[in-house]
Amino acid sequence: VAFDSFTKAVKANPDFAESFYQRGLCKVKLHKDSSILDFNRAITLNPKHYQVFKQMFLVSWKVLSLVKLLNLLCAIVINYQQSVSYTTFHLTLFS
């Protein structure tokens, strides 16, 4: 039910980061691999949404190599401390 509600919210307002974040959380609970896509969109819309980085880290540790995971952790710290644009390090991390 919550997943469907957040999907409707995403469609109604595709520029609202919180809707993507919340739908991503629903996907995590439903064990859907596509949660990272919603988290990526949330960060693109709001690079200072630190809770998204936390969830991305928790989800990503299962699928990323240790090196990429450490890069993600460093990117989270850099973004939080310096408000560096997520797009800058996303391209190098997930390429």
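Model, not experiment: these values are computed from the prediction.

## Quick notes on the environment of Leu72
Moving on, step 1. Structurally, Leu72 can be placed in helix α5 (residues 66-82).
Moving on, step 2. Sequence separation between Leu72 and Phe53 is 19 residues, and the spatial gap between their C-alpha atoms is 8.6 Å.

## Considering the environment of Arg23
Moving on, step 1. With respect to the helices and strands, Arg23 occurs in helix α2 (residues 17-29).
Moving on, step 2. In this structure, the C-alpha to C-alpha distance between Arg23 and Ser35, residues twelve residues apart in sequence, is 7.7 Å.
Moving on, step 3. Non-local contacts of Arg23, meaning those with residues more than four positions away in its chain, are made with Phe3, Phe6, Thr7, Val10 and Asp38.

## Section: the packing of helix α1 (residues 2-12) against α2
Moving on, step 1. One way to put it is that α1 packs onto α2 with a least axis distance of 9 Å and a crossing angle of 155°. One way to sum up the angle between α1 and α2 is to call them roughly antiparallel. Our pair here, α1 against α2, has a crossing hand that is left-handed. Residues Ala2, Phe3, Phe6, Thr7, Ala9 and Val10 of α1 touch α2, and the partners they reach there are Ser19, Phe20, Gln22, Arg23, Cys26 and Lys27.

Cut-offs and rules
Residues numbered from 1 in each chain as written. Predicted model: local features only at pLDDT ≥ 70, side-chain atom pairs only at ≥ 80, totals over all residues. Heavy atoms only, no water. Helix = DSSP H or I, 4+ residues; strand = E, 2+ residues; numbered from the N terminus. Contact = heavy atoms within 4.5 Å. Axes fitted to C-alpha atoms, helices over the stretch in contact; angles between N-to-C directions. Parallel < 35°, antiparallel > 145°, perpendicular 65-115°, else oblique. Left-handed = near helix turned anticlockwise from the far one by under 90°.

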